[in-house]
Structure formats: C-alpha cells, structure tokens
Amino acid sequence: MSTITCIAPVNIAVIKYWGKRDENLILPINDSISATLDTEQLCAKTTIMASPDFKKDQIWLNGKEETINKRLQNCLQEMKKRAQVENDVLQWKIHICSENNFPTAAGLASSAAGYACFATALAKLYKVEGDVSAVARAGSGSACRSTMGGFVRWHMGSDPKGSDSTARQIAPADHWPEMRILILVVKDDRKKVSSAEGMKRSVETSELLKYRAECIVPKVAKQMEKVILEKNFEQFALLTMKDSNQFHAICRDTYPPCAYMNDISQLAIELVHAYNSAVNETRVAYTFDAGPNPTLYLLQKDVPEFSAILNHYFPPPNDADVEYKKGIPVSAVKLSEDLLKKMTVKPQLPGLFKYTIHTRVGEGPKILKNEENHLLNNHGLPIKGFKTD
C-alpha cells in the first residue's frame, strides 16, 4: 500500500471569483486574486491511501463517510492522466480521509483548502511533477489558488478546454511580512445557498455580474497586482473593500437574490470605516466571501490597537469555555480617550462574534512525512485527531 498525508491552506480573495463560463470544467468568467493564509491557523489535512486490497474508493470528511462526488472523480481522473507510476498502482482503489481545523461550508473557503490538499496528495501518490492548480480547479475553482503560497492570481484563460485557466504566484509569502489577517467568525453553520448554486444563479440573472467581469475586473486585477508588488496598503485596502462591496451587490442583483451577509456583517463594515475615519488613515480593510464572516486585512503594527477596538465595540462572549482569540497572540493595549471620542459607532452586546482568528500570509501545501500525522490506520480506516506538525 502507499499512504500520503498533506496539509493545504485557505485563501481569501481580494478580487473575487464569482461565476463560471463552463460548469463542468469549472472555468471562471473573470480573473481573481487572493492571499494564501498560514496553515498554522487554518488548513485542511488529507490522507490518501492506495491499496490492492481495497474494494472501492471511499472518503471520510470531518469524521463522516461521504459519497465520492463527481468533482473528486474529476480530480482523480485528471491526475491519473498525468501519472508517472506503474499501471498496477493506478488500478488500486483509494481511501481518503480529510479534516479541517476550521468550520466547513461557512464561508471560510473550506472547499478550496480541501481540493488543493487532495490534488497535492494525489500528485505525490502518482509522482506527478509541476503545477497542479488545474487539477485542484477541477474540484473547486478557488482551490487552484490554494496550491501556492503568498499572493496568487487565477487567470481565467481563453482555451475552451481550460488548459490556460491556472494559478500563478504574484509574490511569495515573505514578500509582505507585515501583512496580517483577522477573521471574525459570526456563524459556523452551513450557508443556505451554496457558492456553486449562488454563482450559477448570478450568471443566469445578474446584468451587474456581466459588466463587472467584462469591464471592471480586468482593470482592477491589474491595479491589485501592482499595489501588492509595491506593498501599497492604502490602495490595497481600497481595492479590496470596493471589490467585496461589488460582489455582494451582485449577489443582491441575482434573482432570486443571495444574501450571504447579515446585520452583524454590516456592523463590522461600519466599525472599519469608523476606525479608519477616526485615525484619518486607511489602516484596516474588510472583505466578505460567500458568508457572513468578515476577513480583515491590516498591517502588523496596527493589530494591537484595532484588536482593542474590536474588544471594546464587539465584546467577547461571556463563556469561559470558548477560546475567543485564536491564532497569533496579540499584545494588549489601552485605547486613548481621544480615539474613542472620534469613533462614530456604538458598543454592541457581547458574543456577536463566536471567536476570532489572527493569522498571516503563508506558504502553499506541504506533505507531512511523519507517519503519526496520517488520518488513516493500516487498514485504511479513519483515526481521530488533527495534528499538523
């Protein structure tokens, strides 16, 4: 038998992917750009075991056996085409066990991390060299961006068969070491309208989406690449927030409309604008994927003060059993009275955010060589527990 275990990161788009021109090949209607997040805080972990003794392909996701869906089959078939191993191994059935150390299907890009992990592990199993972003894309569009670290652009391409719809790294993880990310988790249950269904609905009904894809994204994506390479945070923040707002306007323009944000999401937006106005500088940017959870981009020097602002206006839940602040530790600071006087928002009741995650830009997927990290035992059955070291 052969066993491979991999971890892969979440990515959060600053120029959104929303809409496919080909549903089967998962080809987007526009380019998109994202930051890959550090796997120390957010990752998917997948073990793949191939054996001549297995009777059928099986998958377990977060402890529950699931059906091998069409997208997983597409990834598997595409990787087998590129395989550099003996034929008998290609005939073996595989067992897959995958876990996330963050909520699944809650708007935190779980499918992107999961399929990037699956594609990377398959590449190792079948000895496939080179770029695997197109294979990951066959599972989930944004997964192609999670096959690389740093800042990544997914090029929509022009080939009807998708050969040029691949990801390319704009800058590595260490390019902008001061960049930090705060994820504020509002809800961690499944969203009512999946991203796949929402995109399909938008492509069919939203005139705004067509205009954005054809007229706006080509220009804005070029600008975003430039400000990332120049490390111009103010312009990065402006482009990020405007693109997020536009994306959710398209969701509302969709018929029937898709509502991924909620009242708490809107309060977070107001807080960011109030803070930036109070300090007379754009220090924090928000973006929302297809879910209610704000992802905030800011520089390392501004994390302590803005974290204190968050605690003041959105107090943590009154639950000692909940680890509210996850991720990179943040130094405590006392807010000045002058700053609080300039803020134009009101403090909210405790517990509107279930917890927060403080992270940074990180590397792409990696293979875990220690056998203790495997999620499957020698019989190809799941082992409980999540380790990433």
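Higher on the page you've got the structure.
**Structural notes on unusual backbone geometry**
Piece 1. In the segment running from Tyr 255 into Pro 256, the intervening peptide bond is cis, with an omega of -10°.
Piece 2. Its place among the elements puts Pro 256 in the loop between α7 (233-253) and α8 (263-278).
Piece 3. Positive phi outside glycine occurs at Ile 26, with the angle close to 55°.
Piece 4. Here Ile 26 lies in the loop between β3 (20-22) and β4 (27-28).
Piece 5. Look at Ile 26 and you get buried, because its relative accessible area is 0%.
Piece 6. Backbone geometry places Lys 231, a non-glycine residue, at a positive phi of 55°.
Piece 7. Mapped onto the elements of the fold, Lys 231 is located in the loop between α6 (207-230) and α7.

**Topic: the packing of aromatic side chains**
Piece 1. Under the counting rule described, the total for this entry stands at 10 aromatic pairs.
Piece 2. Between Phe 151 and Trp 176, the ring centres sit 6.1 Å apart and the planes meet at 40°, which makes this aromatic pair tilted. Linking Phe 151 in strand β10 (residues 151-154) with Trp 176 in the loop between β11 (167-171) and β12 (179-185), this pair joins segments that are 25 residues apart in sequence. Neither residue differs from the other here; Phe 151 and Trp 176 are each classed as buried.
Piece 3. Note on Phe 314 and Phe 353: the rings are 4.8 Å apart at their centroids and 35° apart in plane angle, and the pair reads as tilted.

**Brief notes about the sheet that holds strand β5 (residues 32-36)**
Piece 1. As summarised here, the arrangement of the four strands in space is β2-β5-β10-β11, forming an open sheet in which the pairing is antiparallel. Bordering the open sheet on either side are β2 (11-15) and β11, each of which pairs with just one other strand. Neighbour to neighbour, the strand axes of the sheet diverge by 35° on average, direction disregarded.
Piece 2. The sheet contacts of α6 involve β2, β5, β10 and β11, and relative to β11 the element is tilted by about 40°.

**Brief notes about the sheet that holds strand β7 (residues 58-61)**
Piece 1. The six strands are arranged β8-β7-β9-β6-β1-β17 in an open sheet whose pairing can be described as mixed. Of all the strands in the sheet, just β8 (64-66) and β17 (366-367) have a single pairing partner and so form its edges.
Piece 2. Both strand β6 (residues 43-51) and strand β9 (residues 93-100) contribute to a ladder of eight bridges, which runs antiparallel. What sits directly across from Ile 48, in β9, is Ile 96.

**Quick notes on the side chain of Asn 11**
Piece 1. Here Asn 11 is to be found in strand β2.
Piece 2. Polar contacts involving the side chain of Asn 11 include one to the side chain of Ser 34, which spans 3.4 Å.
Piece 3. Side chain to side chain, Asn 11 and Arg 145 meet in a polar contact 2.8 Å long.

**Quick word on the state of the cysteines**
Piece 1. Under the defined criterion, the tally for this structure stands at zero disulfides.
Piece 2. Unpaired in this structure, Cys 97 has its nearest cysteine sulfur neighbour in Cys 117, at a distance of 11 Å.
Piece 3. The exposure class assigned to Cys 97 is buried, which follows from its relative accessible area of 2%.
Piece 4. The thiol of Cys 144 is not disulfide-bonded; the next cysteine sulfur, from Cys 75, is found 11 Å away.
Piece 5. On the accessibility criterion, Cys 144 (0% relative accessible area) is buried.

Basis of the calculations
Residues numbered from 1 in each chain as written. Predicted model: local features only at pLDDT ≥ 70, side-chain atom pairs only at ≥ 80, totals over all residues. Heavy atoms only, no water. Helix = DSSP H or I, 4+ residues; strand = E, 2+ residues; numbered from the N terminus. Buried < 20%, exposed > 50% of the residue type's maximum accessible area, 1.4 Å probe, protein only. Phe/Tyr/Trp six-rings, centres within 6.5 Å; stacked < 30°, edge-to-face > 60°. Pairing = 2+ DSSP bridges. Axes fitted to C-alpha atoms, helices over the stretch in contact; angles between N-to-C directions. Contact = heavy atoms within 4.5 Å. Polar contact = N/O pair within 3.5 Å; in protein donor to acceptor, adjacent residues only side chain to side chain. Disulfide = S-S within 2.5 Å.

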